[in-house]
Structure formats: structure tokens, C-alpha cells
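# Results of the structural survey
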Amino acid sequence: ISTYSINLNKGVNIVGFDFSPSLNISPLYASSLLEQYPDIVLVGNYQGYGWKDLVKQSSVLPYVGQDFYFEQNKGYLIYTSKDLTLTLDGWQNMDAKYQQLEDGWNLVGGSIYSKSSSTSALISNLKENEIDIQRVGIWANDLGSFIFNTQGDVQGIDIKIGENQG
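As the structure is a computational prediction, the values presented were derived from the model and not from experiment.

Across its full length, the protein carries three helices and 12 strands. Residues counted as buried form 42% of the 166 residues belonging to the protein. Sequence separation of at least 24 residues holds for 67% of the intrachain contacts in the protein that already meet a minimum separation of 6. For the protein, the accessible surface area stands at approximately 9,300 Å², while carbon and sulfur atoms represent 48% of it.

Right under this line is the structure:
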């Protein structure tokens, strides 16, 4: 088990973990992250065509929503009320491979995806691994929106992928 730091900006963050976050050797759940970091307002897990799980701070209960645990190489929405740095324990599977994607949007992250360094390289790497994708979007904090690269007919620019960026 190692300790990792993840920098978050105030507002929307799309984050990919390059490790499996843990708490006392067990998987780290979104509700536990909210307990440790009260400036996190909401954590979301997107799957297919919608938000599968959302966990939100609550003044009445410890949290509201459907709790879930974090996994290596998946991406998550983390909304914060201020800039902060997460310090998390976890373990890294060095043999991690690209996972098959579901129909619809998939939030992914971690070095397996960011080692491609750009969206066009990632699209090529995924296709070489027989994973057919049509578009890659990267969250741009400074713009407050996604920027896209589509294979073939490039829309926008070939975007650099940052470390732990979802």
C-alpha cells in the first residue's frame, strides 16, 4: 500500500485514479471520502448513459445517495467547494489493462490512459486493443467544459492528457 496525492480545483473535477483507493485495507467508499474531506460536496460514478451513483454531503445525515467504492482506472466526478489536495492510501495493479467499455459515455482515468499523452494516441491505442471508441473528451477546468477529439474527423484539437485526469 502506498500514499497518493490528488489535487482538486474548486468546482467540477473529473478524476481518474491510477490506483485502488483504500481505507484500512478495505476499498474506499465515496461516503468515507466525504467524511474525510468535508469540502467535497458531491461524488459521482457515471455508467452507460447516466449517473449510476451519486453521493452528496448532507446536514441531516452523514451523506445522501447510493454509496459506491472507487476502482483503479475508472473516472469519477468530484465537486468541491474549494481547492484541496486528497491524500489517499491505495494499491496499484501494475498489470492493469484496458477494460472493455460500455455503450454510451464512460469515465476512465489513470496512467493506463494518460500514458498515451494525447487523445489521438489514446484513440489509436484503444483501437489496437480492439476497443472501438468514437470520441474522447477531456475535462478542461479553465473552460468549465469538456473538449473533444473524434477519430477521423477531428473536432477541436488533439488534446494533451494530464496525470490522473479523467
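Still more to cover.
The next subject is the sheet that holds strand β4 (residues 26–27). The sheet built from four strands is open, its strands ordered β1-β9-β3-β4 with antiparallel pairing. Two strands close off the open sheet at either side, each with one partner strand: β1 (2–8) and β4. Sheet topology places strand β3 (residues 20–23) next to β4; two bridges connect them, and they run antiparallel. For Leu-23, the partnering residue across the bridge sits in β4 and is Ser-26.

For the rest of this paragraph, the subject is unusual backbone geometry. We note that Asn-24 has phi near 55°; this positive angle belongs to a residue other than glycine. Looking at the secondary structure, you find Asn-24 in the loop between β3 and β4. With a phi close to 70°, Ile-25 is a non-glycine residue in the positive phi region. By the element assignment, Ile-25 lies in the loop between β3 and β4. Residue classification places Ile-25 among the exposed residues on the basis of a relative accessible area of 70%.

Turning next to the pattern of salt bridges. All told, the structure shown has two salt bridges when counted by the stated rule. With a shortest N-O distance of 3.5 Å, Lys-82 and Asp-39 are connected by a salt bridge. Highlighted residues: Lys-82 in the loop between β8 (75–80) and β9 (84–91) and Asp-39 in the loop between α1 (30–36) and β5 (40–48), separated in sequence by 43 residues. Taking the shortest distance from any N to any O, the salt bridge between Asp-53 and Lys-52 comes out at 3.8 Å. Residue classification places Asp-53 among the buried residues on the basis of a relative accessible area of 6%. Among the residues examined, Lys-52 registers a relative accessible area of 51% and is labelled exposed.

Attention now moves to the environment of Gln-134. If you trace the backbone, Gln-134 turns up in the loop between α3 (119–128) and β11 (135–140). For the pair formed by Gln-134 and Ile-123, sequence separation is 11 residues and the distance between their alpha carbons is 8.1 Å.

As a further point, take the packing of aromatic side chains. In this structure the tally under the stated criterion is nine aromatic pairs. Ring geometry for Phe-17 against Phe-70: centres 5.3 Å apart, planes inclined by 80°, an arrangement best described as edge-to-face. In this pair, Phe-17 sits in the loop between β2 (11–16) and β3 while Phe-70 sits in the loop between β7 (63–65) and β8, placing the two residues 53 residues apart along the sequence. With relative accessibility at 2%, the residue Phe-70 sits in the buried group.

Residues Phe-17, Leu-33, Val-43, Phe-70, Ile-78 and Leu-86 are the most contacted members of the largest nonpolar core, which totals 20 residues. Of all the secondary structure elements, the ones that give two or more residues to this core are β1, α1, β5, β8 and β9. Setting aside residues no more than four positions away along its own chain, Leu-86 makes contact with Tyr-4, Ser-5, Ile-6, Leu-8, Leu-33, Tyr-37, Ile-40 and Ile-78. Counting seven residues, the second-largest nonpolar core is a separate cluster that includes Tyr-98, Ile-123, Ile-133 and Val-136.

What counts and what doesn't
Residues numbered from 1 in each chain as written. Predicted model: local features only at pLDDT ≥ 70, side-chain atom pairs only at ≥ 80, totals over all residues. Heavy atoms only, no water. Helix = DSSP H or I, 4+ residues; strand = E, 2+ residues; numbered from the N terminus. Buried < 20%, exposed > 50% of the residue type's maximum accessible area, 1.4 Å probe, protein only. Contact = heavy atoms within 4.5 Å. Areas by Shrake-Rupley, 256 points an atom, 1.4 Å probe, with all protein chains shown as cover. Pairing = 2+ DSSP bridges. Salt bridge = Lys/Arg side-chain N within 4 Å of Asp/Glu carboxyl O. Phe/Tyr/Trp six-rings, centres within 6.5 Å; stacked < 30°, edge-to-face > 60°. Core = buried A, V, L, I, M, F, W, Y, C linked by side-chain atoms within 4.5 Å.

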